[in-house]
There are 4 protein chains.
Amino acid sequence: MVNILGVPFGGSSVPVIAGPCSIESKEQFLGLAQELKEMKVSFLRGGIYKLRTNPESFQGLGKEAYPIAQEVSHATGLPFTSEVTDPRQIEELHEITSMFQVGTRNMYNYDLLKELGKSSKPVLLKRAFSATYGEFLNAAEYILAAGNKNVLLCERGIRTFVNDTRNTFDINAIPFLKNRTDLPVLADPSHGTGLTELVEPVALAALAAGADGLIIEVHNDPKNALSDGQQALTTEQFKSFLDKADKILNVLGRSLHERG
Amino acid sequence: MVNILGVPFGGSSVPVIAGPCSIESKEQFLGLAQELKEMKVSFLRGGIYKLRTNPESFQGLGKEAYPIAQEVSHATGLPFTSEVTDPRQIEELHEITSMFQVGTRNMYNYDLLKELGKSSKPVLLKRAFSATYGEFLNAAEYILAAGNKNVLLCERGIRTFVNDTRNTFDINAIPFLKNRTDLPVLADPSHGTGLTELVEPVALAALAAGADGLIIEVHNDPKNALSDGQQALTTEQFKSFLDKADKILNVLGRSLHERG
Amino acid sequence: MVNILGVPFGGSSVPVIAGPCSIESKEQFLGLAQELKEMKVSFLRGGIYKLRTNPESFQGLGKEAYPIAQEVSHATGLPFTSEVTDPRQIEELHEITSMFQVGTRNMYNYDLLKELGKSSKPVLLKRAFSATYGEFLNAAEYILAAGNKNVLLCERGIRTFVNDTRNTFDINAIPFLKNRTDLPVLADPSHGTGLTELVEPVALAALAAGADGLIIEVHNDPKNALSDGQQALTTEQFKSFLDKADKILNVLGRSLHERG
Amino acid sequence: MVNILGVPFGGSSVPVIAGPCSIESKEQFLGLAQELKEMKVSFLRGGIYKLRTNPESFQGLGKEAYPIAQEVSHATGLPFTSEVTDPRQIEELHEITSMFQVGTRNMYNYDLLKELGKSSKPVLLKRAFSATYGEFLNAAEYILAAGNKNVLLCERGIRTFVNDTRNTFDINAIPFLKNRTDLPVLADPSHGTGLTELVEPVALAALAAGADGLIIEVHNDPKNALSDGQQALTTEQFKSFLDKADKILNVLGRSLHERG
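Residues numbered from 1 in each chain as written. Chains lettered and ligands numbered in written order. Predicted model: local features only at pLDDT ≥ 70, side-chain atom pairs only at ≥ 80, totals over all residues. Heavy atoms only, no water.

Caption draft 1: Examining the interface of chain A and chain C more closely. Chain A puts 4 residues into the contact, and the matching count from chain C is 4 residues. Across the interface of chain A and chain C, roughly 310 Å² is buried in total on both sides, 66% from carbon and sulfur atoms. It is Arg159(A), Phe161(A) and Asn163(A) that lose the most area in chain A upon contact with chain C, and together they represent 90% of the buried surface on that side. Across the chain A-chain C interface, the total number found is 0 residue pairs in polar contact (both at pLDDT 80 or more). (Contact = heavy atoms within 4.5 Å. Buried area = accessible area lost by both parts, 1.4 Å probe. Polar contact = N/O pair within 3.5 Å; in protein donor to acceptor, adjacent residues only side chain to side chain.)

Caption draft 2: Layout of the packing of aromatic side chains. All names here are of chain A. Applying the stated criterion across every chain yields a total of 28 aromatic pairs over all chains. Between the aromatic rings of Phe 29 and Phe 80, the centroid separation amounts to 5.9 Å while the plane-to-plane angle is 65°, which identifies the pairing as edge-to-face. With a gap of 51 residues between them, Phe 29 in helix α1 (residues 26–37) and Phe 80 in strand β6 (residues 80–83) connect regions that are remote in the sequence. Looking at Phe 29, the relative accessible area reads 0%, which means it is buried. Over the ring of Phe 176 we find Arg 180; its NZ or CZ atom is 3.7 Å from the centre of that ring. (Phe/Tyr/Trp six-rings, centres within 6.5 Å; stacked < 30°, edge-to-face > 60°. Helix = DSSP H or I, 4+ residues; strand = E, 2+ residues; numbered from the N terminus. Buried < 20%, exposed > 50% of the residue type's maximum accessible area, 1.4 Å probe, protein only. Lys NZ or Arg CZ within 6 Å of the ring centre and 35° of its normal.)

Caption draft 3: Up close: empty space enclosed by the protein. Throughout the structure, instances matching the rule amount to 3 cavities of 30 Å³ or more. As a volume, the largest cavity reaches approximately 170 Å³. Every residue lining the largest cavity is counted, 19 residues in all, and those nearest its centre are Thr160(A), Thr160(B), Phe161(B), Phe161(C) and Thr160(D). By residue class, the composition of the lining of the largest cavity is 7 nonpolar, 8 polar and 4 charged. (1 Å grid on protein atoms, 1.4 Å probe; cavity = no way out; pocket = protein on both sides within 12 Å on 5 of 7 lines; lining within 4 Å. Points joined across faces, edges and corners; volume = space filled by probe spheres on them. Nonpolar A, V, L, I, M, F, W, Y, C, P; charged D, E, K, R; others polar.)

Caption draft 4: Quick look at unusual backbone geometry. In this structure, Leu5(B) is a non-glycine residue whose phi angle is positive, near 50°. Classification of Leu5(B) by relative accessible area gives exposed; the value is 67%. Here Asp228(C), not a glycine, exhibits a phi torsion of approximately 60°, which is positive. Judged by its relative accessible area of 14%, Asp228(C) is buried.

Caption draft 5: Summary view of the relation of the copies chain C and chain D. Structural alignment of chain C on chain D gives an RMSD of 0.0 Å, achieved by rotating through 180° and translating 0.0 Å along the axis. Classification of the inter-copy transformation places it as that of a two-fold axis. Scanning chain C for the C-alpha nearest the rotation axis identifies Ala205(C), at a separation of 1.9 Å. A share of 100% of the interface residues of chain C reappears at the interface of chain D, consistent with the copies meeting face to face through the same patch. (Least-squares fit on C-alpha atoms with pLDDT ≥ 70 in both.)

Caption draft 6: How the structure looks around the pattern of salt bridges. Within the structure shown, the criterion is met by 72 salt bridges over all chains. Here Arg127(B) and Asp170(B) are joined by a salt bridge, their closest N and O atoms 3.0 Å apart. In this pair, Arg127(B) is assigned in the loop between β8 (123–126) and α5 (133–145) and Asp170(B) in the loop between β9 (151–155) and α6 (173–180), connecting sequence segments 43 residues apart. Taking relative accessible area as the criterion, Asp170(B) reaches 0% and is therefore assigned buried. The partner of Glu217(C) in a salt bridge is Arg45(C), and the shortest N-O contact between them spans 3.7 Å. With Glu217(C) in strand β11 (residues 214–217) and Arg45(C) in strand β5 (residues 43–45), this pair connects stretches of sequence that are 172 residues apart. (Salt bridge = Lys/Arg side-chain N within 4 Å of Asp/Glu carboxyl O.)

Caption draft 7: Highlighting the pairing of strand β11 (residues 214–217) of chain A. Residue and element names in this part refer to chain A. In β11, alternate side chains face the same way, and those of Leu 214 and Ile 216 on one face and Ile 215 and Glu 217 on the other are all buried. The pairing of strand β4 (residues 16–19) with β11 spans 4 bridges and is classified as parallel. In the strand pairing of β11, Ala 18 is matched with Ile 216. (Pairing = 2+ DSSP bridges.)

Caption draft 8: Quick peek at the relation of the copies chain A and chain C. Note on the identical chains: chain A maps onto chain C by a rotation of 180° and an axial translation of 0.0 Å, with an RMSD of 0.0 Å. Interface residue correspondence from chain A to chain C reaches 100%, placing this contact among same-surface, isologous pairings.

Caption draft 9: A look at the environment of Arg105(D). Looking at the element boundaries, Arg105(D) is found in the loop between β7 (99–102) and α4 (110–117). Residue classification places Arg105(D) among the buried positions, given a relative accessible area of 16%. Separated by 119 residues in the primary sequence, Arg105(D) and Asn224(D) place their C-alpha atoms 25 Å from one another. Residue contacts for Arg105(D): discarding those within four places in its chain leaves Tyr108(A), Tyr110(A), Leu51(D) and Thr53(D). Within polar-contact distance, the side chain of Arg105(D) engages the backbone oxygen of Leu51(D) at 3.0 Å. Engagement of the side chain of Arg105(D) in a polar contact is seen with the side chain of Thr53(D), the distance being 3.4 Å.

Caption draft 10: Fine view of the packing of helix α8 (residues 196–208) of chain A against helix α8 (residues 196–208) of chain B. Contact pair α8(A) / α8(B): the axes reach a minimum separation of 7 Å and the direction vectors enclose 155°. Relative to α8(B), the element α8(A) is oriented roughly antiparallel. α8(B) is crossed by α8(A), and the crossing has right-handed handedness. Between α8(A), through Pro201(A), Leu204(A), Ala205(A) and Ala208(A), and α8(B), the contact on the second element is made entirely by Pro201(B), Leu204(B), Ala205(B) and Ala208(B). In terms of residue class, the contact of α8(A) with α8(B) is built from 8 nonpolar, no polar and no charged. (Axes fitted to C-alpha atoms, helices over the stretch in contact; angles between N-to-C directions. Parallel < 35°, antiparallel > 145°, perpendicular 65-115°, else oblique. Left-handed = near helix turned anticlockwise from the far one by under 90°.)

Caption draft 11: Structural detail: the interface of chain C and chain D. Of the residues lining the interface, 39 residues belong to chain C; the matching set on chain D comes to 40 residues. Where chain C abuts chain D, roughly 2,900 Å² becomes buried across the two surfaces, and 73% of that area is made up of carbon and sulfur atoms. Per-residue buried area on chain C facing chain D is highest for Phe161(C), Asn172(C) and Val251(C); these three make up 21% of the total on that side. One salt bridge in this structure joins Glu197(D) and Arg180(C), with 3.6 Å as the shortest N-O distance. Between the two partners, chain C and chain D, sit 6 residue pairs in polar contact (both at pLDDT 80 or more). Of all the secondary-structure elements, those providing two or more residues to the side of chain C that touches chain D are α6 (173–180), α7 (189–193), α8 (196–208) and α9 (235–251) of chain C. In terms of residue count, α8(C) provides more of the side of chain C that touches chain D than any other element does, 7 residues in total.

Next up, the structure:
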């Protein structure tokens, strides 16, 4: 079990990490975070540095987002996680985040992983969309071997011949990995599907298959999101989802984590 | 909704089809079917003609299995389904099965599908492990266009770069297809994973994602099964699974189908 | 080496099979065949029964094409091959074709393969676009084991995450298979790419990698073809290609086959 | 056309880059380089920092290799290229290499690409084994947009369901990319196949399809190589290959590049 500032991953209490794809402004992030605080959300997410396929797409606010993230995390009392894309960001992001995220495009970036292995902050390691289970577990090993034992694995969909969905969420990965490692295994149904309408059913599926946590993109105004709006849930959709999620977990002897 | 001899697919009552990969003998199939009869199983499955990659593998009992299937179905009162692999089998199998199954290797066999379109028996159409959603829906269209409106779709895993599991169960397919067709969408977690230990979690996931039914391989003695033993559940594992399945369905306002 | 009516596959003389995707009319097929006769073409191809994803697409002329095929083959002196999609067609097509083709969607249709194994006509077996090398060789084994030793393998592209091309031509398959079997290994760059502009470079590549023959779609008027026009070569493009092909083969101690 | 220290990529003269997977010792690299110098080799390659799936595998000599690389490049008069895996290596490697290599695992490492865009040294950008053509071209755009116009693209195989070969060399990519960009398109048949016996036929295929250069792993003693020995050519195999390569290129109006 990995306990991060009182949020336990890997036990009968199942935490949900939620927030926008990118931090776009203080108003956006604070408003959303305050809504999420009223729900069973344990952790905030919000992109600061975004890896985008097209160099002309919005790449995140960068340093401009640092004070926003700190203020919102402080105001809501929720820990915050964001993606690190370059070893040279680690020192600064260490001050801002309670947990580092490694995105799908960086799972093979072993130099970055080795640096994170020296950090005292936990790491949420997303599976590369092209990674075998063995490669995924080996990537975690790069962090663990360097001394950082607080690693969370996250299945977020793989690339297949199917292109009606952004990725193919590999539901098999959840029980397969849980049988082979003691690390918590989370699910990201937002990237795993890429389509708002599929997020709830696939998130429920991930919980039914044993996921130890979820990370979900929620946006106050998906249609005007600067990135990934087509896969974000509205706060209303998200609230309705959490209710079902808790009941599914109850069947399996678990429940959504609630901050004390 | 497709109603087959009183078994409704596509409504709030969710049927389970269970049985061995292959019918191996009367003793094997009858014994297993009698155990299944005592559980919430609505339909029997059992292979008569098996398509095996290697021409020297066990190919099913063929005609020898006809009287066995009929007797077991009669003795238990459970309808029976089996795979048809050649248009020339249709006439004979029509007498034996309550529903034709089209396996993953035959989804593109449009001549077979057209013939089944003329049949009065329902068809359980499995997705080719290489099929896009569009190809899958078009294959169903071959049957529907020929006049047979009783088609069940079945997601059974796709081929990806992952080879620790036999297939990658495409959980996204369940809600995606249900949003695009009125045909019931079933799940086959046995082939979708290929590993006994993954069958329960992935089957529960499929139900959580909205599957309208399940088809699962159960065997009295998986270690000695003539085919696919490594993915079969024992009757005990299966019984314990059904209990959880029913509770997951209840969360979603559904329940396992029970024969009246 | 497989010798079909004087056309040797698998030796230093490399035959090319060419023709339209579908036989559309006598005028079309005869006109094209007469042009091809003047080039280094050893065999005619032309679809009679077409497997199309959409049931409303053109499905080939069927029986109507039989006399056309016979007349054109007779008039040009070129042997003719066409795809068989149903075991019930074998008897009739036996009269029309010098070689049966099994298309990519039927490679797993083992009932069809077993029937073809009993035929005295050679079989050009295309790889399923989802088949491993092992499955491909096992499919050939179904035909060989039934007694027909004249089997040609044909790589025609596989399905991958790439969707800018129709398929990904698996160039590795050519030398891999040639190292593991004595059967001739042909290449189909038309389906392997799906784009006219890629056919020549990939066809030359296949020859450089050791292919024992080619099957290429050529059409007198690709823009108005009833099927697959976007991947057909014009006769002019094809002629220019054959010239380069012969020179590439010469480097490797081979040459294009010419009818005596 | 990209001209690097007198080696032109993208014209009728086609350069070959060769060398060991990793620099293992001065003796190994110098001995091999002197043999390669006598052949039509234009550029040396040799890994200094190796990204290995398993953290316990040999990771390259690192800084220890710097003087070796410099000495060997000087002694042979051949320019040298090596992989950069971390933006913090750029400054040091700038002194050692004539061209940076970005490996398949770092194609999505946009922070690294942006830094390389500011460098005055050319960049050989390998395709991620999971990248679409669009993603590949966009990755190059990250370097170009930052000001560095000397980018070489390199197809090195993609990950597919085929696992008898290490990767599936995507031969279609060569002509497809050449039709869409003016950047030179190279081929890496060593990683594209992963098997020594396939390197020659696939390398010849890449040239036949229009590749503007090759990068090939050669080792004096493949069986005892510290990495990737199973895909290396011996110097003898390599020499025999170069002879055929030149002749294939001649058919297409090109030839192997020779240092003046």
